[in-house]
Amino acid sequence: MCIPPPNVTGSLHIGHALTVAIQDALVRWHRMCGDQVLWVPGSDHAGIATQAVVEKQLWKERGVRRHELSREDFLREVWQWKEAKGGEICEQLQGLGASLDWDRECFTMDTGSSVAVTEAFVRLYKVGLLYRNRQLVNWSCALRSAISDIEVESRPLPGRTELQLPGCPTPVSFGLLISVAFPVDGEPDAEVVVGTTRPETLPGDVAVAVHPDDSRYTHLHGRQLRHPLTGQLLPLITDSAVQPHVGTGAVKVTPAHSPADAEMGARHGLSPLNVIAEDGTMTSLCGDWLQGLHRFVAREKIMSALRERGLFRGLQNQPMVLPICSRSGDVVEYLLKSQWFVRCREMGDRAAKAVESGALQLSPSFHQKNWQRWFSHTGDWCVSRQLWWGHQIPAYLVVEERAEGDREDCWVVGRSEAEAREVAAELTGRPGAELVLERDPDVLDTWFSSALFPFSALGWPQETPDLARFYPLSLLETGSDLLLFWVGRMVMLGTQLTGQLPFSKVLLHPMVRDGQGRKMSKSLGNVLDPRDIISGVELQVLQEKLRNGNLDPAELAIAAAAQKKDFPHGIPECGTDALRFALCSHGVLGGDLCLSVSEVQSCRHFCNKIWNALRFILNVLGEKFVPQPAEELSPSSPMDAWILSRLALAARECERGFLARELSLVTHTLYHFWLHNLCDVYLEAVKPVLWHSPRPLGPPQVLFVCADLGLRLLAPLMPFLAEELWQRLPPRPGCPPPPSVSVAPYPSARSLEHWRQPELELHFSRVQEAVQALRALRATYQLTKARPRVLLQSSEPGEQDLFEAFLEPLGTLGHCGAVGLLPPGAAAPSGWAQTPLSDTVQVYMELQGLVDPQTHLPLLAARRHKLQKQLDGLIARTPSKGEAKTQRQQRLSSLQSELSKLDKAASHLRQLMDESPATGSSEL
């Protein structure tokens, strides 16, 4: 597998931690099963983010702007930053226990990746899948660069909304529809009113469009309108794309700044007017009164001019979707630019068919629909970025030349300038030495190199690895469209360049949300940093992180208050294993994953339970203990047989969970085995046996096997705890132990199948029911220290035998004294507490001499009063919205059951008061 390469500038968030926890668990399991495993680490050069970080650092430390340096000097600064800071991601991965092949670590700007990127660009260009064209692109004015569709966040606005944007001194209002009148030429009283949410683009309008069937404008077909700002004549055109029922049914056409308008303009032969520059200011085409103004400052000036000219027709709230640059927070502009584009239709069709045919399997399968939708709407991919940090595009402009029969600039592509010069010479018919070539200063979209990561990491293009063998699985977070974009690009480029899919399965895990189901956000103050959960952090440190972020004062106040409420004492230290186990305990094949710190704390307590269990087991084994071979171990008692059967079942369920890649089944199985089977039952049941003299030989051998195999089962999920404890176990004789639990054989279901005894487990489940009944009786009569005698009576002879095999552990686990069997049909002992276990089994517990009725009756009455008050309140209360009916009913039933038990106990105690102290003992 390859890890989805995280940005070299960033730190791992909780979604990364989930990805790593799942991938590492799968990797470790396969290793322990004896498979050859390659898990390739790497990081992404993150063109935009890294350049921004270094630019800020240069300005802060030296007061230098990027453009004051040469490109070479700036790139040298970036590489120095990468060498100093870029290793933090790897340190965090190692802290999460990621068992990556670190000697194969890759970086998307290293030599191998650069060769692969150049080769891919050249090959795509030669087959016509990569071209240069002037067309609309998503443009970030703050970054002064084109950005990908996936980097455009579509933010819905309900109406008027004020946003603070980069480069704007004051907040800017959005979600407003401005109505503007376009006078009809030659008719002084006639006008067409157009609604727009972007008045700053009015100078770029080249037409007004209406639907051809809209009867309101039929009489104006073919007429011309006066531009409300310039007075120039604009055609009124008809186009079926116009929606007559929206607004006034008339729309302004701005081909240079709207994708929809660009298509309409092309259909009608309209020339676009660029009125917004790369930096977000107005161009000279707008006139002196607007030129150089920030576009949103110009917006207000345009509104004032419309009012002065009497052409402003109103303003109203308008729900809208605003395109925001996810990298800078600025509003995205659509600008006409000459850029390099990858044709995606053909490659996208192949990616879609790969899923349809089953060659690429998506898990869970319901993601197939999203995959098909994604590729059915794939447009061409703009891969040019106006940055210095990244892979410089291997394309060259032949200066002062035009391609034959073409009015456009002459561009050539080559793996090197020498190769490009040969191509240029052949294209122009001139000697290559006479030609002047200028390399495109732009770099490629970071996603271009990231999409090649699985191939370049294994030596492509020098070698073409068998990717079906090396990459049977990839993994990404469904909550992030960025990662879906990445895997889609991998599939498209991989099938085109190598004829292979980069993997045969994709496991799509859910987004991690907070414990309340909310998306983690800095503005909500609910972001969980994996490092804080692992090591713990004080509240003031959490608050300081917020203050050092980029939240505005209002957002900061809300986030700080929420954070203080959620983590009043900070976040306690939970450890890596607890975090990994908590993350994997959620079903990755379902919906969003809601994670709370308290849940991770619970897993930390589970780790402590395992630690204490091993301390006890090692103390029992002692220094001279010699383990038997597991295949020779035979249980010497029903309890030994039961725990070995449960261990074999745990191995089977873990194997099933790993094969299905449903790690929640594995975590549930291990939690249940260690906590509820081994610690709560078997260890407690055999403690008295272990102190017998002489000590029986069976239980210590069973304890060793449970510890050995139990830790191996646990190792893929809790590698640190499993390693530490497994190394302390005594070695088996006859063969050297594996150097690490991570390479010890994983217990297979088949090898342990001979221990499985489902019928015995079923029998013992009845014993456990009896244990719960005894504990409930002890609690009802508040027998804290006393060890009362117990009798079980069954009307079925077969059940008598079932309990007889477990009488000693039944007494131990029920915290009782001697446990006996009352023959079927025998009279119930007088003065003993009684509770039914089933229709055929009754449980009796001795009370005389152990309980003082006069002391306990008032206590029972007080408890009853408290429970009755709770029941009355629950009945009187109107169910809250969203309260589950079944939960309410369960609570009612539980309270009623407790009240019934208390009433029965009180009745029994009153009966004891009426009887002589000797009655019960004489009858027994």
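Each remark here, short or long, concerns the structure printed above.
The structure reproduced in this document is the subject of the present report. (Residues numbered from 1 in each chain as written. Predicted model: local features only at pLDDT ≥ 70, side-chain atom pairs only at ≥ 80, totals over all residues. Heavy atoms only, no water.)

Re the overall build of the protein chain
- A tally of regular secondary structure across the protein chain gives 30 helices and 31 strands.
- A compact globule built from 924 residues should have a C-alpha radius of gyration of about 29 Å, whereas the protein chain, at 37 Å, is more than 25% larger.
- Dimensions of the protein chain along its principal axes, counting C-alpha atoms only, are 120 × 70 × 55 Å.
- Summarising the internal contacts of the protein chain: among those between residues at least 6 apart in sequence, 76% fall at separations of at least 24.
- Separation of charge centres in the protein chain, based on 92 positive and 105 negative side chains, amounts to 4 Å. (Helix = DSSP H or I, 4+ residues; strand = E, 2+ residues; numbered from the N terminus. Rg over C-alpha atoms; globule rule 2.2 N^0.38 Å. Contact = heavy atoms within 4.5 Å. Lys, Arg positive; Asp, Glu negative; His and termini not counted. Charge placed at Lys NZ, Arg CZ, Asp CG, Glu CD.)

Points about the sheet that holds strand β11 (residues 224–226)
- Pairing in this open sheet of four strands is mixed, and the strands run β11-β12-β10-β13 from one edge to the other. A single partner strand is all that each edge strand has here, and the edge strands are β11 and β13 (250–253). Shown here is a sheet whose adjacent strand axes are inclined to one another by a mean of 35°, direction ignored.
- Note that β11 and strand β12 (residues 233–238) share three bridges and pair antiparallel. Within β12, the position partnered with Leu 225 by the bridge is Leu 234. (Pairing = 2+ DSSP bridges. Axes fitted to C-alpha atoms, helices over the stretch in contact; angles between N-to-C directions.)

Re the environment of Pro 737
- Mapped onto the fold, Pro 737 is located in the loop between α23 (719–726) and α24 (749–752).
- Residues Pro 737 and Thr 118 lie 619 residues apart in sequence; the distance between their C-alpha atoms is 49 Å.

Here's the deal with the packing of helix α28 (residues 853–876) against helix α29 (residues 885–914)
- The interhelical angle for the contact between α28 and α29, taken along N-to-C directions, is 160°, at an axis separation of 9 Å. Classified by the interaxial angle, the pair formed by α28 and α29 is roughly antiparallel. When you trace α28 past α29, the crossing you get is left-handed. (Parallel < 35°, antiparallel > 145°, perpendicular 65-115°, else oblique. Left-handed = near helix turned anticlockwise from the far one by under 90°.)

Observations regarding the pairing of strand β10 (residues 207–210)
- Along β10, one buried face is formed by Ala 207 and Ala 209 and the opposite face, lined by Val 208 and Val 210, is buried too.
- Both β10 and β13 contribute to a ladder of four bridges, which runs antiparallel. Looking at β13, one finds that Val 210 is bridged to Ala 250.
- Relative to β12, β10 is paired through three bridges, and the arrangement is parallel. Residue Ala 209 lies in a different strand from β12, and its bridge partner there is Ile 237. (Buried < 20%, exposed > 50% of the residue type's maximum accessible area, 1.4 Å probe, protein only.)

Things to note about unusual backbone geometry
- Cis peptide bonds are those with omega within 30 degrees of zero, and the linkage from Trp 460 to Pro 461 qualifies with 15°.
- By the element assignment, Pro 461 lies in the loop between α12 (453–456) and α13 (467–470).
- Backbone geometry places Arg 144, a non-glycine residue, at a positive phi of 55°.
- Relative to the elements of secondary structure, Arg 144 occurs in the loop between β3 (130–140) and β4 (145–147).
- Positive phi is not limited to glycine here, since Gln 782 has a value of about 55°.
- Its place among the elements puts Gln 782 in the loop between α25 (758–780) and β28 (790–794).

A look at the packing of helix α19 (residues 597–621) against helix α21 (residues 663–690)
- Where α19 meets α21, the axes come as close as 11 Å, and the angle between the chain directions of the two elements is 30°. In this structure, the crossing between α19 and α21 has a hand that is left-handed. Counting all contacts with α19, which are made through Phe 606, Lys 609, Ile 610, Ala 613, Leu 614, Phe 616, Ile 617 and Val 620, the residues of α21 involved are Leu 670, Tyr 671, Trp 674, Leu 675, Cys 679, Asp 680, Leu 683, Lys 687 and Leu 690.
- Partitioned by chemical class, the residues of the contact of α19 with α21 number 14 nonpolar, no polar and three charged. (Nonpolar A, V, L, I, M, F, W, Y, C, P; charged D, E, K, R; others polar.)

Considering the side chain of Asp 330
- Among the structural elements, Asp 330 can be located in the loop between β15 (320–325) and β16 (333–342).
- Ignoring sequence-local partners within four residues, the contact set of Asp 330 consists of Cys 141, Ala 142, Leu 165, Pro 166, Arg 295, Pro 323, Ile 324 and Cys 325.

Observations concerning the packing of aromatic side chains
- Using the criterion set out here, one finds 19 aromatic pairs in the structure.
- Ring geometry for Trp 29 and Phe 658: centres 5.0 Å apart, planes at 10°, overall stacked. Taken together, the residues Trp 29 in helix α1 (residues 14–32) and Phe 658 in helix α20 (residues 638–659) connect sequence positions 629 residues apart.
- Owing to a relative accessible area of 6%, Trp 29 belongs among the buried residues under this scheme.
- What links up through ring pairs into an aromatic cluster is the set Phe 121, Tyr 125, Trp 340 and Trp 411.
- Taking the ring centre of Tyr 131 as reference, the NZ or CZ of Arg 343 above it sits at 4.1 Å.
- Here Lys 687 stacks its cationic end above the ring of Phe 616, 5.4 Å away from the centre of that ring. (Phe/Tyr/Trp six-rings, centres within 6.5 Å; stacked < 30°, edge-to-face > 60°. Lys NZ or Arg CZ within 6 Å of the ring centre and 35° of its normal.)

With respect to the pattern of salt bridges
- Applying the stated criterion to the full structure yields 43 salt bridges.
- Between Arg 531 and Asp 529 there is a salt bridge, with its nearest N and O atoms 3.2 Å apart.
- Residue class for Arg 531 comes out partly exposed when judged on its relative accessible area of 38%.
- Overall, Asp 529 belongs to the buried group, its relative accessible area being 15%.
- In this structure, the salt-bridge partner of Arg 766 is Glu 769, at a minimum N-O distance of 3.3 Å. Pair noted here: Arg 766 and Glu 769 are both in helix α25, with a separation of three residues, about one helical turn.
- Salt bridges sharing partners connect three or more residues here, namely Arg 198, Glu 200, Arg 295, Arg 299, Asp 330 and Glu 333. (Salt bridge = Lys/Arg side-chain N within 4 Å of Asp/Glu carboxyl O.)

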